[in-house]
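Structural overview
Listed below, chain by chain, are the residues.
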Amino acid sequence: TPRTAALLSSILAAVLGSLQVGYHTGNVIEEFFNATWKARHNESMPNDTLTMLWSLSVSIKDFGALLGSLGVKYLADAHGRRNSILMVNILSVAGAALMLLSKAAESFEVLIMGRLVFGVFCGLVFSLNPLYIQEVSPTNLRGAFATLNQVAFASGILVGMVAGQETALGTPHQWDLMLSLSLIPAALQYLVLPFCPESPRYLLLTRGQEARAESALLRLRGDPDMVEAELREMKEEATHTQAGISIQQFFSHARYRKPMFLVLVVSLGSQLSGFNAVINYSTKIFQETFSEAKYLTLGVAAMNVIFTLVAFFLMEKAGRRKLLLTGFLSIAVCNLLMTVVDATLTVAPDIRYLQVIVVFCLISSYELGPGPISWFIAAELFDQPSRPVAMAFTSMLNWGGKFVLAFIYPPLQLLWHGSVYLVFMAMALVAFGVTWYRMPETKGRSFDDIAEEFRGAEGILLRNKSDFNTFN
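About the cut-offs
Residues numbered from 1 in each chain as written. Predicted model: local features only at pLDDT ≥ 70, side-chain atom pairs only at ≥ 80, totals over all residues. Heavy atoms only, no water. Helix = DSSP H or I, 4+ residues; strand = E, 2+ residues; numbered from the N terminus. Rg over C-alpha atoms; globule rule 2.2 N^0.38 Å. Contact = heavy atoms within 4.5 Å. 1 Å grid on protein atoms, 1.4 Å probe; cavity = no way out; pocket = protein on both sides within 12 Å on 5 of 7 lines; lining within 4 Å. Points joined across faces, edges and corners; volume = space filled by probe spheres on them. Nonpolar A, V, L, I, M, F, W, Y, C, P; charged D, E, K, R; others polar. Axes fitted to C-alpha atoms, helices over the stretch in contact; angles between N-to-C directions. Parallel < 35°, antiparallel > 145°, perpendicular 65-115°, else oblique. Left-handed = near helix turned anticlockwise from the far one by under 90°. Patch = residues over 30% accessible without salt bridge, like charges linked within 9 Å, V, L, I, M, F, W, Y side chains within 5 Å. Areas by Shrake-Rupley, 256 points an atom, 1.4 Å probe, with all protein chains shown as cover. Salt bridge = Lys/Arg side-chain N within 4 Å of Asp/Glu carboxyl O. Buried < 20%, exposed > 50% of the residue type's maximum accessible area, 1.4 Å probe, protein only.

Moving on to the overall build of the chain. When helices and strands are counted, the chain shows 23 helices and zero strands. Expected size for 472 residues packed as a compact globule is a radius of gyration near 23 Å; at 23 Å, the chain falls within 12% of this value. The C-alpha extent of the chain, read off along each of the three principal axes, is 75 × 45 × 45 Å. Contacts in the chain between residues far apart in sequence, at least 24 positions, make up 82% of those at least 6 positions apart.

Shown next as structure tokens:
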């Protein structure tokens, strides 16, 4: 139907940004560093230097994303959700162009700079996408559609790994072409997203443009009765919502402390649970025991996609709480098994097959709940004026966790070997405990109903229905 087409085209056009992010996750050509160094110094790069530059190249994207998160509130409030996604897409184009030019320039520094610029795009788009998707989606499908952001991300990882194979484009002569392929979804987004509606909630509650909000809702829902009901719900929400939230107010208001704590624990619990170590360094993990490790890595990426799709279908059936609890507990068990397997590999080499199974289970557990939910839960726990700041906060936590883990995992693994997974297990168990005791279920509930749980007795100034320009 036209309603379905408008809604799906809006969501699918938005997640093209997440596809680009996944494509460049860990997609770095290690040999390029060595070849460039050898051309400059007439000797091979020392192993310590190569390890450091490899870690920096993988993690610099996450550091850039951490920086990009700082601009989410300004862009989302000043330019809208859809327009902001279009604006930041130029950073993806610029980053891909730098990575493409690095080979011609014979400079791994240009490659690293390209990944940094692309990282800024990652930090912005991974906050703006869930924000836009959640605000255009109907309540009963909000979580499922937000999960499509993670589906696109996981699909990008798989496509990137396939393209990076030596039988594809991962060769000394074609790897620059491989890094430039993300320009295709970037171009597609510019062709489709401008014709999609802006977030009705942004138009009504942030800009006070009721006519435009109603028009956008009519395109997204197609049913005048549904449009009228949603407009009435948003107007009711506006009567007890502050006109705007500064960053200082966000961190000082008592009613934001509980959801802020929940977002902190879920985000860091997800990113420091071991998933990022496995997905970034899976080939190196398997190379120690398997000659064809790259094919197992493709299996990891495929499993990643499959279980994001499983999460998509379960999100509105099982709910957020159950998926988070199941995911965190399973991740903890998998990390414990990774430690045991690593300790016994030298004694019982055949246990390496169990290692593969455990890695696959860890990936599956992450994508079943903690992976997708950690990126969009803040959009459900916070009210309209605080939502852009909350998404920026979420993005900083998630990308900050990715950056720390990507950078410290190789040296910690060399130092502690398999015991490093016990640290990941502890993080997953802490997140499980907090989710069990503190996380409310948000499935099928309106934004206002969820926010009501966190409204304290502090003397907040509420919008006056008579002087709020939307209702004039």
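So, next bit.
Enumeration over the complete set of coordinates arrives at two cavities of 30 Å³ or more. What lines the largest cavity is a set of 14 residues, among which T25, K61, D62, N280 and K402 lie closest to the centre. For the lining of the largest cavity, the secondary structure elements donating two or more residues are α4 (47–68), α8 (142–163), α16 (275–287) and α21 (387–416). In terms of residue count, α16 provides more of the lining of the largest cavity than any other element does, four residues in total. Of the residues contributing to the lining of the largest cavity, the split by class is six nonpolar, four polar and four charged.

What follows deals with the packing of helix α5 (residues 72–79) against α21. At a minimum axis distance of 8 Å, the contact between α5 and α21 shows a crossing angle of 150°. Considered as vectors, α5 and α21 are oriented roughly antiparallel to each other. Both α5 and α21 take part in a crossing whose hand is right-handed. Each of V72, K73, A76 and D77 in α5 lies in contact with α21, whose residues at this interface are P388, V389 and A392.

This part takes up a nonpolar patch on the surface. A cluster of nonpolar side chains, contributed by F63, L67, L70 and M396, occupies part of the molecular surface with about 350 Å² of accessible area. Of note, F63 is situated in helix α4. Classification of F63 as partly exposed rests on a relative accessible area of 32%.

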